[in-house]
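Results of the structural survey
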Amino acid sequence: MEGGRRVGADTIAPLLARFEIPDGWRCVVAVPDGAPGLSGEAEAAAFEQLPPPPEREVERVAHLVLMQLLPALVEGDLPSFGAALTEVQRVTGAWFASQQGGVFAPGPTATLVRRMAEWGAAGVGQSSWGPAVYGLVGSEAEGRELAARAAALLGSGGRVFEGGFAGAGPKSGGGNGGFT
């Protein structure tokens, strides 16, 4: 868990804590074909256009992370973790809606987020500006099933990856440890 950037700071956020993701949890990442999300100068320009997020919403996200997401991770409670993660994605996605066309990037990205949740993913979200989408499940069998459904939805118009999480990752400087 990173501490977040301080106003006016140009340094990387400090690493406050690192917790292992439970062995059985799996992640499905679906990447629809099409234009990648914003990056570089276009991303910087989009950030310049965004107003600061409402303080109450920032407080809501902090509360979700500290009071639900992290405790659920430590306790191995995937449904609670996933619910908190999905809510964090919904709240923070709304901050970017004016620049990306919705809480999630419109089209296949938003459809995949909604469908993964309908198909039983405990937590869903969009990676940065998209188009990549992810869903978390509690077993390898559930991961394979979710990946197959996402692949069928995408047809030949994208790629799908399924896997567990690495047991060890960086001790500082961020990162999530990656897929195994």
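Provided above is the structure to which this section pertains.
Residues numbered from 1 in each chain as written. Predicted model: local features only at pLDDT ≥ 70, side-chain atom pairs only at ≥ 80, totals over all residues. Heavy atoms only, no water.

Take the packing of aromatic side chains next. Counted under the stated rule, the structure contains four aromatic pairs. Here Phe47 and Trp129 contribute two aromatic rings whose centre-to-centre distance is 5.7 Å and whose plane-to-plane angle is 70 degrees, an arrangement assigned as edge-to-face. One end of the pair, Phe47, is in helix α1 (residues 40-49); the other, Trp129, is in the loop between β2 (123-126) and β3 (133-137), and 82 residues separate them in sequence. Phe47 sits in the partly exposed class, given a relative accessible area of 41%. Relative to Trp129, the ring of Phe96 has its centre 5.2 Å away and its plane inclined at 80 degrees; by these criteria the two rings are edge-to-face. Of this pair, Phe96 sits in helix α3 (residues 78-100) while Trp129 sits in the loop between β2 and β3, and the two are 33 residues apart along the sequence. Take Phe96: its relative accessible area is 23%, and that puts it in the partly exposed class. Of the aromatic side chains, those joined through ring pairs into one cluster are Phe47, Phe96 and Trp129. (Phe/Tyr/Trp six-rings, centres within 6.5 Å; stacked < 30°, edge-to-face > 60°. Helix = DSSP H or I, 4+ residues; strand = E, 2+ residues; numbered from the N terminus. Buried < 20%, exposed > 50% of the residue type's maximum accessible area, 1.4 Å probe, protein only.)

Before going further, it helps to spend a moment on the layout of surface pockets. Roughly 160 Å³ of internal volume is contained in the second largest pocket. Surrounding the second largest pocket, 16 residues form its lining, Ala35, Ala105, Thr109, Trp129 and Pro131 being those nearest its centre. The set of elements that each furnish at least two residues to the lining of the second largest pocket consists of α3 and α4 (108-118). (1 Å grid on protein atoms, 1.4 Å probe; cavity = no way out; pocket = protein on both sides within 12 Å on 5 of 7 lines; lining within 4 Å. Points joined across faces, edges and corners; volume = space filled by probe spheres on them.)

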